[in-house]
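Structural overview
Each chain is listed here by its residues.
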Amino acid sequence: MHIGLNLVFLIPGETGGTETYARELIPELVAASPGTRFTAFVNREAAAAGAAPWNELVPSVTVPVNARRRIEWVRGEQQLLPGLAARAGVDLLHSLANTAPAWGRFRRVVTIHDLSYRLVPEAHLGLLGLGMRILVPLAARRSHRIIVDAASTREDLERLLHVPPAKVDVIPLGVGTQRRATPLDEAELRSRLGAADRRIVLCVAAKRPHKNLGRLIGALAMIPADRRALLVLPGYPTQHELELRRRAEALGVTADVRFLDWVAPAELEALYAAAACFVFPSLLEGFGLPVLEAMARGVPVACSARGSLAEVAGDAALLFDPESEQAIAAAIERLLEDPPEAERLREAGLRQAARFSWAAAAALTLAS
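The text that follows walks through the structure, step by step, so that each part is easy to find. (Residues numbered from 1 in each chain as written. Predicted model: local features only at pLDDT ≥ 70, side-chain atom pairs only at ≥ 80, totals over all residues. Heavy atoms only, no water.)

1. Here we look at the environment of Ala 97
Within the fold, Ala 97 resides in the loop between strand 4 (92–95) and strand 5 (107–111). Since its relative accessible area comes to 9%, Ala 97 is described here as buried. Taking the C-alpha atoms as reference, Ala 97 lies 8.8 Å from Glu 19; in sequence the two are 78 residues apart. In contact with Ala 97, other than residues within four places in its own chain, are Phe 9, Thr 18, Thr 111 and His 113. (Helix = DSSP H or I, 4+ residues; strand = E, 2+ residues; numbered from the N terminus. Buried < 20%, exposed > 50% of the residue type's maximum accessible area, 1.4 Å probe, protein only. Contact = heavy atoms within 4.5 Å.)

So this is what it looks like as structure tokens:
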């Protein structure tokens, strides 16, 4: 069996959760099936990325497009990739990020992580939104099998795109298996943040509207200043960040929020280690990896009760209505002011995270 991996979408450092999916899944696929031949089909940006599973563990073929240009990415996937995959002799092409070639002389499998373009359209504006509205349904229709991360997405596919449930396999993601970095010294971290001895509320998320960080900032402002923790927001920057900064300023909590870009692994591990709690208010997630990553590190979690997040968190997190700033504030205060509850959630989170592994995800993917 020769399996092709469609990574034409992947721009290292800029693709968020779908990049994590590729980085974690590929090594486990290779380890789980030593008799299978894999070939990665990458864009020019990924080909130049150096150390990465698609450059080190499997042979790769460069699709000659620059994926930062959306039109080029679509051209590469829909026009160039089918021919390159056929010439490479793949028997099956697995597209890892929501869209897929509509044709080709091979079986086609696509992972659709969510239908955010339909459910939270403000997250996909302009050309990107138009492309998703065309390409995701096309991938769902023309692929032979569909993989989703959670049962809620299978239900969305049936309800919104009329995909038969029998065509869809639910394969949960795993908790990070790549070696964790040694955390930065906490004193140095706090110095960088200007945090002194304040308690830290952590939320690791891209600055995009559907991540709901505006309401998280609003919730922080509802907590009395003498009990207010420091909110730290690492995640790749977007134009939406300016709106978030303006909201913090308007609410008078600029000094209580730290906006960071993606941080180095050592600094991220230090943030987890220093955090009093992890809060994730997203309006929609295909799975919710950040929640499990925090649980795996023993950080008490509160998160949105929407869709897959409730499914993934189970009873190991405080769940709240993400559209209620009051509910978010109450969850933060409970984690900060109720040590027995925080400890219960810390222990429950460790048990919950242990249920998910990338090795299991790879085995189920190969069986789908």
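2. Quick look at unusual backbone geometry
Despite not being glycine, His 162 shows a phi value in the positive range, around 60°. Residue classification places His 162 among the exposed positions, given a relative accessible area of 65%. Although it is not a glycine, Asn 212 sits at a positive phi angle of roughly 70°. You can see Asn 212 is positioned in the loop between strand 8 (200–202) and helix 9 (213–222).

3. Side note on the pairing of strand 9 (residues 230–234)
Here strand 9 lies mainly inside the structure; five of its five residues are buried. Residues Leu 230, Val 232 and Pro 234 point to one face of strand 9 and Leu 231 and Leu 233 to the other, with burial holding for every one of them. Where strand 8 meets strand 9, three bridges bridge the pair, whose relative direction is parallel. Residue Val 201 lies in a different strand from strand 9, and its bridge partner there is Leu 231. With respect to chirality, the unit in which strand 8 leads through helix 9 into the neighbouring parallel strand 9 is right-handed. As judged from the four bridges shared by strand 9 and strand 10 (residues 257–260), these two strands associate in the parallel manner. The partner of Pro 234 across the bridge, within strand 10, is Leu 260. Between the parallel elements strand 9 and strand 10, the chain passes through helix 10 (residues 240–250) in a crossover that is right-handed. (Pairing = 2+ DSSP bridges. Right-handed = clockwise from strand over helix to strand, strands pointing away.)

4. What to know about the packing of aromatic side chains
Applying the stated criterion across every chain, the model contains four aromatic pairs. Pairing Tyr 21 with Trp 358 gives two aromatic rings, centres 6.1 Å apart and planes at 50°, and the pair type is tilted. Within this pair, whereas Tyr 21 is found in helix 1 (residues 17–32), its partner Trp 358 is found in helix 16 (residues 358–367), the two being separated by 337 residues in sequence. The pair formed by Tyr 21 and Trp 358 is uniform in burial state, with each residue classed as buried. With a centroid separation of 5.8 Å and 75° between ring planes, the pair formed by Phe 287 and Phe 356 is classed as edge-to-face. Remark: Phe 356 occurs in the loop between helix 15 (339–353) and helix 16 and Phe 287 occurs in the loop between strand 11 (275–280) and helix 12 (289–296); sequence separation between them is 69 residues. Using a relative accessible area of 4% as the deciding quantity, one classes Phe 287 as buried. (Phe/Tyr/Trp six-rings, centres within 6.5 Å; stacked < 30°, edge-to-face > 60°.)

5. Comments concerning the environment of Met 295
As for its placement among the helices and strands, Met 295 is situated in helix 12. Residue classification places Met 295 among the buried residues on the basis of a relative accessible area of 1%.

6. Quick notes on the sheet that holds strand 2 (residues 37–42)
Strand order in the open sheet made by the seven strands is 3-2-1-4-5-6-7, with parallel pairing throughout. Each edge of the open sheet carries a strand with a single partner, namely strand 3 (60–62) and strand 7 (168–170). Adjacent strand axes in the sheet meet at a mean angle of 20° when their direction is disregarded. Summarising the sheet, strand 4 and strand 5 pair through four bridges and their orientation is parallel. Across the sheet, Ser 95 pairs through a bridge with Val 110, a residue of strand 5. Together, strand 1 (2–7), strand 2, strand 4, strand 5 and strand 6 (145–148) form the strand contacts of helix 1, whose direction differs from that of strand 1 by roughly 170°. (Axes fitted to C-alpha atoms, helices over the stretch in contact; angles between N-to-C directions.)

7. Side note on the pattern of salt bridges
Side chains that carry opposite charge are capable of pairing whenever their charged atoms lie near each other. Counted by the stated rule, this structure contains 22 salt bridges. The closest approach of N and O atoms between Glu 333 and Arg 227, which form a salt bridge, is 2.9 Å. Taken together, the residues Glu 333 in helix 14 (residues 325–337) and Arg 227 in the loop between helix 9 and strand 9 connect sequence positions 106 residues apart. Since its relative accessible area comes to 33%, Arg 227 is described here as partly exposed. The salt bridge involving Arg 247 is made with Glu 325; its shortest N-O contact spans 2.6 Å. (Salt bridge = Lys/Arg side-chain N within 4 Å of Asp/Glu carboxyl O.)

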